[in-house]
Number of protein chains: 2
Amino acid sequence: MAEEIVLIDNDDPVLESDFIKEMVRQMRAVDTYGTFDKYSVAQILEPFILTKEMKREIPIVGDPDEIIISRVKAFYNAIAALIEQECGLMATTLLYLSYEGFGRAIITVGKLVIVDRNLRDVHRFGFQDLSKMKDEADKLLSVAIEIVGKYSDAAGM
Amino acid sequence: MAEEIVLIDNDDPVLESDFIKEMVRQMRAVDTYGTFDKYSVAQILEPFILTKEMKREIPIVGDPDEIIISRVKAFYNAIAALIEQECGLMATTLLYLSYEGFGRAIITVGKLVIVDRNLRDVHRFGFQDLSKMKDEADKLLSVAIEIVGKYSDAAGM
């Protein structure tokens with residue numbers, strides 16, 4: 001039997017960050033059947049972690065399923081929610097994905113595109129560990145806030 | 001037998017407009033099998049015309065098929081191409097559609113959203129006549145050019 005690997009520590013300090021809290025909120029928002037009701041935060045976010053070994057076991061070419069797509073949405077929606085909190089303007093996410101898992105994720109504020117990401121291999125969407133995931137979000141977030149500040153008139157401020 | 005209705009006149013002056021020429025170019029671009037090779041311009045654009053009587057015969061609820069979606073894409077791509085010609089900057093189209101035919105069409109230039117349309121009932125996509133179609137495109141185009149002019153720094157000019 002495979003030994004159980006702990007992907008996220010229950011006392012990881014990253015779990016206390018705003019981004020992770022928002023991620024959990026987004027995941028719970030799409031949890032229609034209450035599957036997550038008794039899950040810990042670490043358990044809810046575990047599917048986002050994909051270590052190198054796990055990644056290696058997934059075929060390079062594959063079609064993303066609904067569950068993975070909902071995770072990608074949750075990730076970008078969480079970033080949009082944080083942008084909203086930060087600048088007080090509504091941010092909307094737009095995710096375009098071909099059935100093969102290629103596409104583009106966009107977040108807009110007013111008339112401004114503040115996040116613009118080409119997506120590929122979405123069937124292997126995941127992060128090496130929780131802090132890598134937070135780093136990625138923080139990076140997108142800081143660029144986004146910078147763009148809003150720079151072109152605040154187009155953002156509608 | 002149903003009598004043949006001419007939806008587009010072969011000598012309609014609108015056929016000479018830049019927008020219509022671009023529409024034909026876009027339709028030919030996705031015509032992998034050369035089906036349109038012997039078609040006249042009017043024949044290529046005929047599927048875009050949906051008179052009130054024709055619309056009434058289509059069920060209100062329905063799922064758009066690939067062919068209709070490719071027409072919606074051609075319409076927005078043609079607008080993007082004209083924007084490019086007008087302002088010399090690359091314009092990209094992003095079409096997000098649920099399988100039920102609801103969604104959003106976006107055209108961006110640089111960091112600027114210049115066309116932002118909510119789409120619904122895409123299975124009934126079409127225009128009453130050719131000049132209505134051109135009017136619609138002209139309207140989107142002039143708003144887009146105005147936005148680029150207003151926020152030219154965010155557009156990357």
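Residues numbered from 1 in each chain as written. Chains lettered and ligands numbered in written order. Predicted model: local features only at pLDDT ≥ 70, side-chain atom pairs only at ≥ 80, totals over all residues. Heavy atoms only, no water.

Looking at chain A as a whole, the pLDDT averages 91, with 97% of positions reaching at least 70. Two numbers describe this predicted complex: its pTM, 0.87, and its ipTM, 0.81. (pLDDT = per-residue confidence, 0-100.)

This brings us to the packing of aromatic side chains. Applying the stated criterion to the full structure yields 14 aromatic pairs over all chains. Taking the centre distance of 5.2 Å and the plane angle of 85° together, the rings of Phe 75 of chain B and Tyr 76 of chain B count as edge-to-face. Pair check on accessibility: Phe 75 of chain B and Tyr 76 of chain B agree, each one buried. Pairwise contacts between aromatic rings join Phe 19, Phe 48, Phe 75, Tyr 76, Phe 125 and Phe 127 of chain A into one cluster. (Phe/Tyr/Trp six-rings, centres within 6.5 Å; stacked < 30°, edge-to-face > 60°. Buried < 20%, exposed > 50% of the residue type's maximum accessible area, 1.4 Å probe, protein only.)

It is worth spelling out the pattern of salt bridges at this point. If you walk through the whole model with that rule in mind, you get 12 salt bridges over all chains. Residue Lys 21 of chain A is joined to Glu 16 of chain A by a salt bridge in which the shortest nitrogen-to-oxygen separation is 4.0 Å. For Glu 16 of chain A, a relative accessible area of 56% translates into the label exposed. Two residues, Glu 22 of chain B and Arg 25 of chain B, come together in a salt bridge whose shortest N-O distance is 2.6 Å. Placement of both Glu 22 of chain B and Arg 25 of chain B in helix α1 (residues 18-29) is noted, with a separation of 3 residues, approximately one turn of the helix. On the accessibility criterion, Glu 22 of chain B (5% relative accessible area) is buried. (Salt bridge = Lys/Arg side-chain N within 4 Å of Asp/Glu carboxyl O. Helix = DSSP H or I, 4+ residues; strand = E, 2+ residues; numbered from the N terminus.)

With that settled, consider the side chain of Gln 26 of chain A. Mapped onto the secondary structure, Gln 26 of chain A falls in helix α1 (residues 18-29). On the basis of relative accessible area, Gln 26 of chain A is assigned to the buried category, the value being 18%.

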